[in-house]
Amino acid sequence: MVRYPSTEIPSEDRTYYITTPIFYVNAAPHIGHLYSAVTADYLHRYKLLRGFKSRFATGTDEHGLKIQQAAHAAGEEPLSFCTKVSERFRHLFLTCNISYTDYIRTTEMRHHSAVEHFWKVLQSKGFIYKGSYEGWYSTQDESFLTPSQVSNATDSSGKEIKISLESGHKVEWMKEDNYMFRLSGFRSQLRNWLEGDPRAIQPERFHRAVLQWLQEDLPDFSVSRQRNRLQWGIPVPEDPDQTIYVWLDALVNYLTVAGYPDAHSKWWSSAHHVVGKDILRFHAIYWPAFLLAADLPLPQTIHVHSHWTVGGKKMSKSLGNVVDPLERSQRFTPDGMRYFLLRQGVPDTDCDYDDDKVVKVLNAELTDSLGGLLNRCTALSLNPTQVYPHFCNDSFPSQWAEAQEGRALERKASAEDYHMLESVRALPSMVEQHYESVHVYKALEAISGCVRQTNGFVQRHMPWKLDRANSRDQKWLDTILHVSLECLRIYGTLLQPIVPEIADKLLTRCSCFSIMQAMLMSRDPQQNVTCGQQDEAFINENGHGFILKMT
Ligand SMILES: Nc1ncnc2c1ncn2[C@@H]1O[C@H](COP(=O)(O)OP(=O)(O)OP(=O)(O)O)[C@@H](O)[C@H]1O
C-alpha cells in the first residue's frame, strides 16, 4: 500500500565525503561535540541508504598552546595527554554508534606529511612570506583578531582587559616574527564563490554572515608561531624556529583523510563539512582561501549548526558548564540521545539542554507513540498466529471516492484514514528534503506527526473490540494491522540514519513474525487481553522491550 522511499541505482561516481570538526583535546567531550558527530553521522548513513559511496571522517586536533598548557597542568607529556583525551572521544563515538570510516589524530605521521606538503605548495606559489605580526591573539580560541573583533571588558578582579567580541575570550597583544599568509588577495574570489553558490554555506543566515564579513578588509594573517613560545606543533619546513599555526595544521586534516597529497581527488571533490558556528570564520574564509591558494576545489557545502547552551550560555570546555554525553547516553540510551539532539537541535538557533526535556521527548515520541504503535500492532491478542495480516481491498478501497460511492460493501475506512495515508505517502519525499537541507528536526517532526496519525487510526477503529469469529470483522482487523505495519515499515526505514538500533529492531519485528512467535511461545497468551496490558507485559517480562520508558 505505502511504498518504500525510492531507491536509486548506485553509480560509480556518486561519492560523498562528510567531516566533523576535529575536536580539540584540551578536555573531555561534551554534548556539543556529540551533536556535531551525530549530525555528520546521520548524513553519512542517509547517503549510504541513497546508494552513495560515503566516507565519514572525525578525530582529534592535538597541537597548539592550549594543549601544551593543559598537558603541563596535568603533569603529563603532551602526546600521552592527547592520547588519553582522544580515546575518550573515540569511546563516546563508538558508544553512540557514530559510524565514522576514518578517525584522524593530528599527531599522526600521515597528517604531519600532508601538512608539510601543503605548506610547501603554498610557499612555492608565493602565498606564504616571512613577516612580522603585531596584533591581538586569543590563546583560548587560537585565533588572531583584527581591532574591530576586539572590545573592552573587566575580569573577575575588576582589571580592564580586552576580549574577543565573538567568543568573549581574553585576548593579548602579540608581536612576533613569523610567516604570513596572503589572505588579502582572496577577498574577491571568496565573494564570487559565495555569490555564485548560495547553498555553499547553510543555513542561509550563516551564508549571509560570511558575505558580511567579506565586506571588511581581509588582512594577511600569521600562519606560524615562534618555536620558543609554541613547541607542541608541526615545525615549519626548513625553519625549525617556527611552528605551523594550529588552525592551518588542523584544517588540513580533511585533506589528509581524503588521501592528500597523492590520492585525494576522488573524495575531495565531494567534501562536505559539519561545523559549529564558533568556527565558521576558519572554515568559510581561511580554509577556502588556503584551498584556492593550493589550487584545490572548495568544499561543496559547509553545514553550520548553532550551540547547545546551559542556562543560556554556550556549553564549553573552558567555561566548564558541560553535560557528560557518555553518562547521558547510558542513562537515555545511545539512540535516545541521538534522537533528542537531532529532534531538538535547530541549526539556526541555540538550544538549551535540559534532562527533563530529554525524558519528555523520548517518552512521548519514541516510547509511547512509536513503541506503543508497534506493540499494539504485534500484540498476540490481536494477531495470535503472528503471521503478517492480509490487506482486504473491500474494507479499505484504494480511493476514498470509491469507498464513498458505496461500491465496496465491506468498506470500513473513514475519510480520516485516507488523510493519514496521504500524509504517509508524502512523508518519504518530505523527510528526504529535510535530511538534505539538514533540518532534521523538521523531518522528525513530520515522522512523529504521522506516527500520531497512525495511532489515531488504530484507536479510532479499536481492533481489540472486533469479533474474530466474524469473518468481516476478521478481515477488517487484519487490514488495520496490515496498514499500521506498513506505516511502521516506512517509519523504521526513514529513521535508520537517526536511531539505527531502534530502526533495526522495529524493522526486524515488522518482518519477522515467525521469529516473534518462537520468542513468545513460552508466554501465557491470557496476559495479552488488552493492548495496554500487553505493552507493559511485553516490556517487563521478556526483556525485549522495544523502547524503554525514561525516568
Ligand atoms: N556548545 C556547543 N554546541 C554545539 N556544538 C559545540 C558546542 N561546543 C563545541 N561544539 C562543537 O565542537 C566544535 C569544536 O569545539 P571545541 O573543541 O572548541 O569545544 P569547546 O567546548 O567550545 O572548547 P573551548 O571551550 O575550549 O573553546 C565546535 O565547532 C562544534 O562543532
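Summary of the structure given here. (Residues numbered from 1 in each chain as written. Predicted model: local features only at pLDDT ≥ 70, side-chain atom pairs only at ≥ 80, totals over all residues. Heavy atoms only, no water.)

Considerations on the packing of helix α5 (residues 187-196) against helix α6 (residues 204-213)
Right, on to step 1. Look at α5 against α6: their axes get within 10 Å of each other, and the N-to-C directions meet at 155°. Taken as axis vectors, α5 and α6 run roughly antiparallel relative to one another. The two elements α5 and α6 meet at a crossing, and its hand is left-handed. On the side of α5, the interface is formed by Arg 191, Leu 194 and Glu 195, while α6 contributes His 207, Val 210 and Leu 211.
Right, on to step 2. Tallied by class, the residues present in the contact of α5 with α6 amount to three nonpolar, one polar and two charged. (Axes fitted to C-alpha atoms, helices over the stretch in contact; angles between N-to-C directions. Helix = DSSP H or I, 4+ residues; strand = E, 2+ residues; numbered from the N terminus. Parallel < 35°, antiparallel > 145°, perpendicular 65-115°, else oblique. Left-handed = near helix turned anticlockwise from the far one by under 90°. Contact = heavy atoms within 4.5 Å. Nonpolar A, V, L, I, M, F, W, Y, C, P; charged D, E, K, R; others polar.)

Observations concerning the nonpolar core
Right, on to step 1. Phe 118, Phe 181, Phe 290 and Tyr 491 are the most contacted members of the largest nonpolar core, which has 152 residues in total.
Right, on to step 2. If near-sequence neighbours (up to four positions away) are discounted, Phe 290 is found in contact with Phe 118, Leu 122, Phe 181, Phe 221, Val 223, Leu 248 and Leu 251. (Core = buried A, V, L, I, M, F, W, Y, C linked by side-chain atoms within 4.5 Å. Buried < 20%, exposed > 50% of the residue type's maximum accessible area, 1.4 Å probe, protein only.)

Regarding the side chain of His 30
Right, on to step 1. The topology assignment puts His 30 in the loop between β2 (23-24) and α1 (31-49).
Right, on to step 2. Among the polar contacts made by the side chain of His 30, one reaches the main-chain amide nitrogen of Gly 32 at a distance of 3.0 Å. (Polar contact = N/O pair within 3.5 Å; in protein donor to acceptor, adjacent residues only side chain to side chain.)

Details of the site of the ligand
Right, on to step 1. The environment of the ligand is made up of 21 residues, and the closest members are His 30, Ser 36, Lys 314, Ser 316 and Ser 318.
Right, on to step 2. Taking His 33, its side chain carries an N or O atom lying 3.0 Å from an oxygen atom of the ligand.
Right, on to step 3. Interatomic distance of 2.6 Å between a side-chain N/O atom of Ser 36 and an oxygen atom of the ligand.
Right, on to step 4. Bound to the protein, the ligand loses 95% of the 600 Å² it would expose on its own.
Right, on to step 5. Counting atoms within 2 Å of the grid points, the majority share of the ligand lands in the largest pocket.
Right, on to step 6. Within the residue set of the shell around the ligand, elements represented by two or more residues are β2 and α1. (Near = heavy atom within 4 Å. Areas by Shrake-Rupley, 256 points an atom, 1.4 Å probe, with all protein chains shown as cover. 1 Å grid on protein atoms, 1.4 Å probe; cavity = no way out; pocket = protein on both sides within 12 Å on 5 of 7 lines; lining within 4 Å. Sits in = over half its atoms within 2 Å of the grid points.)

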